[in-house]
Structure formats: structure tokens, C-alpha cells
Amino acid sequence: MAVRAEGSTIWDSEGRAYLDAAGGAVVVGVGHGRASVAAVMAEQASRLAFAHGSQFTTDVLERYAAAVGPHLPVDEPAIYPVAGGSEATETALKLVRAFHLAKGETDRWIVLARWGSYHGNTLGALDLSGRKPLRRPYEGWLGRFRHLSAAYPYRSGDPGSNALGDADELAAELERAIEAAEPRTVAAFVAEPIVGATLGAVEPPEGYWPKIAEVCRRHGVLLVADEVMTGFGRTGRWFGMDRWGIRPDLVIAAKGATSGYVPFGFVAASGAVYEAVREAGPFVHGFTYSHSPVGAAAATEVLRILEAEDLIAASATKGERLKSLLAARLGRHANVGEIRGRGLLLGLELVADRESRAPFPRSARLVEAVARECRDRELLVYTGTGNANGIDGDVVVLGPPFVITDAELELVAERLGEAVESATSRV
Ligand SMILES: Cc1ncc(COP(=O)(O)O)c(C=O)c1O
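Residues numbered from 1 in each chain as written. Predicted model: local features only at pLDDT ≥ 70, side-chain atom pairs only at ≥ 80, totals over all residues. Heavy atoms only, no water.

**Notes on the nonpolar core**
- With 97 residues, the main nonpolar core has Phe-189, Phe-232 and Leu-416 as its most contacted residues.
- Here this core takes nine residues from helix α10 (residues 293-308), the largest share from any one element.
- Looking at which domains feed residues into this core, each of domain 1 (2-30 + 310-426) and domain 2 (35-308) gives three or more.
- Of all hydrophobic cores here, the second largest spans 27 residues; its members include Val-82, Leu-93, Val-111 and Ala-276. (Core = buried A, V, L, I, M, F, W, Y, C linked by side-chain atoms within 4.5 Å. Buried < 20%, exposed > 50% of the residue type's maximum accessible area, 1.4 Å probe, protein only. Helix = DSSP H or I, 4+ residues; strand = E, 2+ residues; numbered from the N terminus. Domains from an automatic or database assignment.)

**Concerning unusual backbone geometry**
- In the segment running from Gly-281 into Pro-282, the intervening peptide bond is cis, with an omega of -10°.
- Mapped onto the elements, Pro-282 comes out in the loop between α9 (271-280) and α10.
- Residues other than glycine seldom take positive phi values, yet Glu-76 does so here, at roughly 45°.
- Summarising the element assignment, Glu-76 is placed in the loop between α3 (59-68) and β4 (78-82).
- Given a relative accessible area of 66%, Glu-76 falls into the exposed group.
- A positive phi angle, near 20°, is found at Lys-255, a position not held by glycine.
- Structurally, Lys-255 is set in the loop between β11 (250-253) and β12 (265-269).

**Some details on the pattern of salt bridges**
- Within this structure, the stated rule accounts for 34 salt bridges.
- Put simply, Arg-243 and Glu-203 hold a salt bridge, and the shortest N to O gap is 2.9 Å. Of this pair, Arg-243 sits in the loop between β10 (222-226) and β11 while Glu-203 sits in the loop between β9 (186-191) and α8 (208-218), and the two are 40 residues apart along the sequence.
- Among the salt bridges present, the one from Arg-340 reaches Glu-349, with a minimum N-O distance of 2.8 Å.
- On the basis of relative accessibility, which here comes to 0%, the residue Glu-349 falls in the buried class. (Salt bridge = Lys/Arg side-chain N within 4 Å of Asp/Glu carboxyl O.)

**Observations regarding the sheet that holds β11**
- Sheet architecture is open: seven strands sit in the order β4-β12-β11-β10-β9-β5-β6, paired in mixed fashion. The open sheet has two edge strands with one neighbour each: β4 and β6 (146-148). The sheet shows a mean angle of 20° between the axes of neighbouring strands, direction not considered.
- Pairing of β4 with β12, which is carried by five bridges, proceeds in the antiparallel orientation. (Pairing = 2+ DSSP bridges. Axes fitted to C-alpha atoms, helices over the stretch in contact; angles between N-to-C directions.)

**Quick notes on the packing of helix α11 (residues 311-330) against helix α13 (residues 406-426)**
- Where α11 meets α13, the axes come as close as 9 Å, and the angle between the chain directions of the two elements is 35°. You can see that α11 and α13 cross each other, and the crossing is right-handed. Here Lys-318, Arg-321, Leu-322, Leu-325, Leu-326, Arg-329 and Leu-330 of α11 lie close against α13, whose contacting residues are Asp-406, Leu-409, Glu-410, Val-412, Ala-413, Glu-414, Leu-416, Gly-417, Glu-418, Val-420 and Glu-421. (Left-handed = near helix turned anticlockwise from the far one by under 90°. Contact = heavy atoms within 4.5 Å.)

**Comments concerning the domain arrangement of the chain**
- Domain parsing of the chain yields domain 1 (2-30 + 310-426) and domain 2 (35-308).
- The straight-line distance from the C-alpha centre of domain 1 to that of domain 2 is 25 Å.
- Counting residues at the interface gives 40 residues for domain 1 and 40 residues for domain 2.
- Of the roughly 3100 Å² buried between domain 1 and domain 2, counting both surfaces, carbon and sulfur atoms make up 56%.
- At the boundary of domain 1 with domain 2, the tally comes to three salt bridges.
- Glu-203 is the salt-bridge partner of Arg-342, the closest N and O atoms lying 2.9 Å from each other.
- Applying the counting rule to domain 1 against domain 2 returns 24 residue pairs in polar contact (both at pLDDT 80 or more).
- Residue contributions to the side of domain 1 that touches domain 2 peak at five residues, all from strand β13 (residues 336-342). (Buried area = accessible area lost by both parts, 1.4 Å probe. Polar contact = N/O pair within 3.5 Å; in protein donor to acceptor, adjacent residues only side chain to side chain.)

**Examining the layout of surface pockets**
- In this structure, the largest pocket spans a volume of roughly 610 Å³.
- What lines the largest pocket is a set of 28 residues, among which Ile-79, Tyr-80, Pro-81, Tyr-274 and His-291 lie closest to the centre.
- Looking at the lining of the largest pocket, the elements with two or more residues in it are α3, β4, β12 and α9.
- Residues of the lining of the largest pocket, tallied by class, amount to 17 nonpolar, nine polar and two charged.
- Of the volumes computed, that of the second largest pocket is approximately 320 Å³.
- Lining the second largest pocket are 16 residues, with Leu-93, Lys-94, Arg-97, Trp-109 and Phe-145 positioned closest to its centre.
- Top element by residues in the lining of the second largest pocket is helix α4 (residues 85-102). It accounts for seven residues. (1 Å grid on protein atoms, 1.4 Å probe; cavity = no way out; pocket = protein on both sides within 12 Å on 5 of 7 lines; lining within 4 Å. Points joined across faces, edges and corners; volume = space filled by probe spheres on them. Nonpolar A, V, L, I, M, F, W, Y, C, P; charged D, E, K, R; others polar.)

Structure, rendered in C-alpha cells:
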């Protein structure tokens, strides 16, 4: 039972101190136990806790929108605040449709996404996700969206992987999918700039994003970047897309926006999308807990801390440091296929054989054993399975708070090293 947290540590009810190398579910950027975030939330809650989005906007929300705008990789952004990533994904899909309707392009229904992706657990967002182990129990309810290959160089061409590793091939595949559909029926392409937990911090091949963005623009297909995990400094830049200078039409954000202090997220739409939808109006949508003043207060303070303490740069440098510590500790281990990622979004892919990249069978439940071994050593990590072929595959994902100290980074590498050695020796 978790009872208290500070910095990069969570204490349980028995006094054990866990080093949170996962930031929960890759959520906590500014660190645990920030009294100033709690204070602004309390102040906002006692002044105005709730005003429904259909009736009011609030000063705190407007101030947040103005403050976050310049950091977003979106031209003339407007935000639609919600209570988390899945809601933001659903909202983005509806905004895409509302935009095309506003433009009179009523046949644009088709949404393209990728295998090896995650966009949320509500049924629409799950359907968009290409994460097979999560889809499998609900297949009969899914199938509205089309999935293209994962941009996953390490597994390019492997049987069952649905992965390609060449930017030209991936862009050509997108172009073929758009052209194979009736002309002007594709509405959007949705993807994570760097794939988070599903594949374990996988970056696309060089040149991928500029090529993909160009194909989308040429066909009037909206580009939607899911930055729920990569946003707010996680990859060492404000947003994942900043690494390639790409300006999507819509950006989905959550997690790091409030660093876990309160459920909050948003969709950012470009001015062009926003104006078209607003003029055609009304955009009939909303949740009870969208437009939360308390959420906006927490997000504003988190933004201030990220800026004041230069935590985006910290994520970049500490990420590099952790990556080299991991390479030194585990880089030659027979079951470590790849150590990858950017900033403090790092992944470790575990394999049965480095040469062939063969995964462990799922029945071995390797990554579960690694996570257990980590926990025994008071280290928290995040995990993913099914990355190799939809069933097999084991990835460990690291996403600690950006305030993690150098000494703690060394502990992460040491404890994870021991956990991997111990778990693999018993499989
Ligand atoms: C890339 C991405 N999109 C969407 C989501 C869903 O967000 P939430 O869990 O807040 O609904 C997640 C959550 O892990 C995510 O990583």
C-alpha cells in the first residue's frame, strides 16, 4: 500500500522505499511530493472547484491555454481540456470528423493508425491502438480503424511483427493506403512520435516523420500526434515531434501535463482546425470532468516548475546518462536485444537470442519476473509484452521523474541489472 512519495521515491505502508524508475506509468515528470502543486490545487478547489464546460470558461483555464500554447508543436493552438489520455484520443477523433464535416468533405471517415501503438483503453481509443494483447479479448467490438506497419527498425520484417524499418517504405505504405481508399475518404493518420510502452521507447527511422507529414498534407489527411507519453519533456524536448520540427494538425496530451497530481489532459488543435470547427459549430462533445479548473491549476504550476527548473534539459541529459549506465551494466547481456529511447523515456528489449532476435515465449512471463525482481530490490519499472509478434516479446520501460539524481540513476541501472540477470537465469 503506497502511503507517501517525494522526488523519485514512493514509500509503502511497511516503510519500504521504492525508487520510481517508471514515474508510475511514465507520468511523473516534476517529481513526487511537490507541495506547490498541491497548494495551487487546494486554493483553486476552495475558490472554484467546478464550472461545467458547457456553461463557463474560467480564468485559470484561459491562463493555462495561453501559457502552454507556445510550447506546443501546433500552429496557433487552441486546447480542449479533458481528464486523461483516452478521453483526449476520443476527442481528437471527433474533432477530426468535425473538421472534415465543416469543410464539406463528408466522405472522410477513414482513420489510419499503426500496429504496435497505444492510444487508450476506452473502446474507440483501444480500437485505434495496435496493441494486440489488449485488443484480443474485445476483437468482436473492434475494427473501425485501419492499421499500418509499426515504424520499428529492430523488428523490421520479422514474422508476425507488422514492422518495417525503412522511412521510404513506411511513407509509401501510407500513400498506398490513402490511395487504395476511395479518393478523399481518409480523415486522419494517428501515431505516437516515439512509441511508448507498446514497443518500449521505439524511435522511427531517420526521415520518417518529415516524409509521413508530407504524404498527409498532400492528401488532406489530418496528422494527429499522440503525445500522451512523449509530451512535457519526457523525451528531452517539450514534445516528441520537436525533434523533427513537425507541426501536426492535432496533438493529444495528458500524463506529464499535470505530472499525475490530478487527472487532466487535452487535445490541441491548430488554428485552422479550430476555426473551421468553431465556425461550423457547435462541436457537440464534452465530459462532466472536462475543462476542470483544478486540473488547469495543477497543469499551470507543473508548467511553471518545468520552466523554472529547466527540467526539459534535465530530462535530455539525465536520459543520456541513464542510457550509458544501462549500456555499461547490461549492454553485453545475452538476453538484452536493444537499449533505446530518448530523454527519460528509455526501453530495454529482452530476447531469448540476440543473434536471431527470437523472443522468449509468452508462457515464460519473463518481463513479469523482471518487474518482480525489481520490486524485490525496491525499484519500480513499467513493462510491455507482445511487441515481437503480437503475443511474445518483453520490454522494460523506464520513465523516472526528471528530478532523479545521479546517485539514483546509478541505483536504477544496478538494480535493473541484477533483476534482469536473476530473472533470465531462471527462465
Ligand atoms: C501514447 C498514449 N496514448 C494514450 C494513453 C491513454 O491515456 P490514459 O491512460 O490517461 O487514458 C496512454 C497511456 O498510457 C499512452 O501512453
